[in-house]
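Now for the letters of each chain:
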Amino acid sequence: MAGLQALDRLIIERRDSRSDLGATVTANGGIQVDYGKTRFMLDPHGAAKADYVFVSHAHVDHMHNPSKSEKIIASAATTELAKARGYDLGATTEDVEGVELLDSGHILGSRAIRIADEVFYTGDASGRARAFLGKCKTRQARILIMETTYGVPDYTFPQTAKLVKEVNSLIAGAYDRGVPVVLMGYPLGKAQLLAYFFSSWAPLYYSSNVAEMNRVHAENGIDLKRGTHFDPRKDYDSLPHGPWLLVSPMSSGRSRLMSHLKKKYGAILVAFSGWALGSGYRYTMGADYSFPLSDHCDYQELVKLVEAVSPETVYTVHGFAAEFASDLRKMGFHARTLGAYQSSLTDFARQA
Ligand SMILES: [Zn+2]
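Note that the coordinates shown come from a computational prediction; the quantities given were computed from them, not determined experimentally.

Asker: How do you make sense of the overall build of the protein when you look at a structure like this?
Answerer: For the protein, the helix and strand inventory stands at nine helices and 17 strands. The C-alpha atoms of the protein give 22 Å as radius of gyration, which agrees with the globular expectation for 352 residues (20 Å, within 12%). Expressed as lengths along the three principal axes of its C-alpha atoms, the size of the protein is roughly 80 × 45 × 30 Å. Looking at the protein as a whole, 53% of its 352 residues qualify as buried. Surface exposure of the protein reaches about 16000 Å², of which carbon and sulfur atoms provide 51%. Between the averaged position of the 39 positive side-chain charges in the protein and that of its 38 negative side-chain charges there is a distance of 5 Å.

Structure representation (structure tokens):
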């Protein structure tokens, strides 16, 4: 009994000392983390007042145009990709005392951040290696802030190799019939995976902004097969008749360009997104086929990530944040959403 009381006292003392020294997390136009005397803003939506501002990766929903005084923590590849997309992050650093950046496996340059052993923030994260991308690395921390885009059990992604095989059969069938194929995904990240997996098909075309992101990948040692530049504003009538492959940004099949490619060339449209597991996705996108190739964790991978970080408290952001927090509470974690930082489920269409 005496032993138990001593243990209880120890736990209370530990909690008390943490309430003095531990980090606090709030949503304030970004994810604000105050730890000791230092304020961090993680992925703010606009210019931020903090000692350090962290930009996890170069998707536009995670970037902002910083003020001159902001000290930005970001990987070199994120800084280059941001610049190519019109965001000047200035002189960024990866080297801050007490702060560790870890590959989050989402896209080239994407990082998770660990602040001492207090806070681990995933940014956007993938739970599996694909092509030139690894899976999210983890470290233990008392507080986990995590993305939960696909935080319900319906989202279990298939093996990437199996999916690639199915898509290659689809393309082979189209080529046999003399039919061209448009592969659609976000121009940064997904489009480079599509280029990696399917560029053995010829002739091969890349839409302008896909080609621009490929260039930054090449400068970072990921040399994707070269293709012909396709400018969607003027090249829509100069494609050959017969089979070809175009890697294009995600666009509705009902858009002017895609309708034209279908009508004039008989092209089939194939969309790639984790949302393809949801009923109605293919119809919503106006695509002929869709495949659940994702750069995020699926549900089980999110659970594994929590177990690996082994936190006391979890804050969830993006997608099914409330649902996942509820599941974590049933598993015994303190978990809640960072509601004010929440993006809407309908944001997926503009996540480019
Ligand atoms: Zn992202």
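Structure's up, so let's keep going.
Asker: Help me understand helix H3 (residues 160–176) in this model?
Answerer: Since one α-helical turn is 3.6 residues long, residues separated by three or four positions face the same way. Over its 17 residues, H3 extends 24 Å from the first C-alpha to the last, a length consistent with the 24 Å expected when each residue adds 1.5 Å. Those residues of H3 that fall on the buried side of the exposure criterion are Thr160, Leu163, Val164, Val167, Leu170, Ile171, Ala174 and Tyr175. Take H3 and look down its axis: the buried residues cluster within an arc of 135°, on one side only. Those residues of H3 that are exposed and aimed more than 90 degrees away from the buried face are Ala161, Lys165 and Asp176. Two residues or fewer past H3, Gly178 is found with a positive phi of approximately 75°.

Asker: Explanation requested: the coordination of the zinc ion in the structure shown.
Answerer: A metal bound by six donors in octahedral fashion has ideal angles of 90 or 180 degrees, whereas one bound by four tetrahedral donors has an ideal angle of 109.5 degrees. Summarising the metal site, the zinc ion is bound by the protein donors His57 (NE2), His59 (ND1), His106 (NE2) and Asp124 (OD), whose distances to it range over 2.2 to 2.4 Å. Relative to the metal, the four donor atoms surrounding the zinc ion lie at angles of 90 to 167°, and the coordination shape comes out irregular. Here the donor residues of the zinc ion share one chain and are spaced in sequence as H-x1-H-x46-H-x17-D. Placement of the pair is His57 in the loop between strand E4 (52–54) and strand E5 (72–73) and His106 in the loop between strand E6 (99–103) and strand E7 (111–115), with a sequence separation of 49 residues. Both residues of the pair, His57 and His106, count as buried.

Asker: Can you help me understand the sheet that holds E5 in this one?
Answerer: Working definition: the strands of a sheet are paired by backbone hydrogen bonds and lie parallel or antiparallel to each other. Spatially, the five strands line up as an open sheet ordered E1-E2-E3-E4-E5, and their pairing is mixed. Across the chains shown, the open sheet's two edge strands, defined by having one partner strand only, are strand E1 (24–27) and E5.

Asker: What exactly am I supposed to notice about the nonpolar core here?
Answerer: One recurring pattern in soluble globular proteins is that nonpolar side chains are buried together. Residues Ile171, Val181, Leu183, Phe198, Leu245 and Phe272 are the most contacted members of the largest nonpolar core, which totals 48 residues. Those elements that provide at least two residues to this core are helix H2 (76–84), H3, strand E10 (181–185), helix H4 (190–198), strand E11 (204–207), helix H5 (208–219), strand E13 (245–249) and strand E14 (268–272). By residue number, the principal contributor to this core is H3, which donates seven residues. Sequence-distant contacts of Leu245, that is, excluding residues within four places in its chain, are made with Ile171, Tyr175, Val181, Leu183, Phe198, Trp201, Pro203, Leu204 and Tyr205. Counting residues in hydrophobic clusters, the runner-up holds 25 residues, among them Leu261, Trp275, Ala276 and Tyr281.

Asker: Explanation requested: the sheet that holds strand E8 (residues 119–121) in the structure shown.
Answerer: Pairing is mixed in the open sheet, where six strands are placed in the order E6-E7-E8-E9-E16-E17. Of all the strands in the sheet, just E6 and strand E17 (334–337) have a single pairing partner and so form its edges. Geometrically, the sheet is characterised by an average inter-axis angle of 15° between neighbouring strands, direction not taken into account. Here three bridges tie E7 to E8, and the two strands are oriented antiparallel to one another. Each residue of the ladder has a partner; that of Arg114, found in E8, is Phe120. Docked against the sheet, helix H8 (residues 299–309) engages E8, strand E9 (143–147) and strand E16 (313–317), running at close to 160° with respect to E9. Of the strands in this sheet, E9, E16 and E17 touch helix H9 (residues 321–330), which is tilted by about 170° from E17.

Cut-offs applied
Residues numbered from 1 in each chain as written. Predicted model: local features only at pLDDT ≥ 70, side-chain atom pairs only at ≥ 80, totals over all residues. Heavy atoms only, no water. Helix = DSSP H or I, 4+ residues; strand = E, 2+ residues; numbered from the N terminus. Rg over C-alpha atoms; globule rule 2.2 N^0.38 Å. Buried < 20%, exposed > 50% of the residue type's maximum accessible area, 1.4 Å probe, protein only. Areas by Shrake-Rupley, 256 points an atom, 1.4 Å probe, with all protein chains shown as cover. Lys, Arg positive; Asp, Glu negative; His and termini not counted. Charge placed at Lys NZ, Arg CZ, Asp CG, Glu CD. Expected span 1.5 Å × (residues − 1). Arc of directions from axis to C-beta. Donors = N, O, S within 2.8 Å, 3.2 Å for Na, K, Ca; no water. Tetrahedral: all angles 85-135°; square planar, octahedral: opposite > 155°, others 65-115°. Pairing = 2+ DSSP bridges. Core = buried A, V, L, I, M, F, W, Y, C linked by side-chain atoms within 4.5 Å. Contact = heavy atoms within 4.5 Å. Axes fitted to C-alpha atoms, helices over the stretch in contact; angles between N-to-C directions.

Geometric values such as these leave the question of function open.
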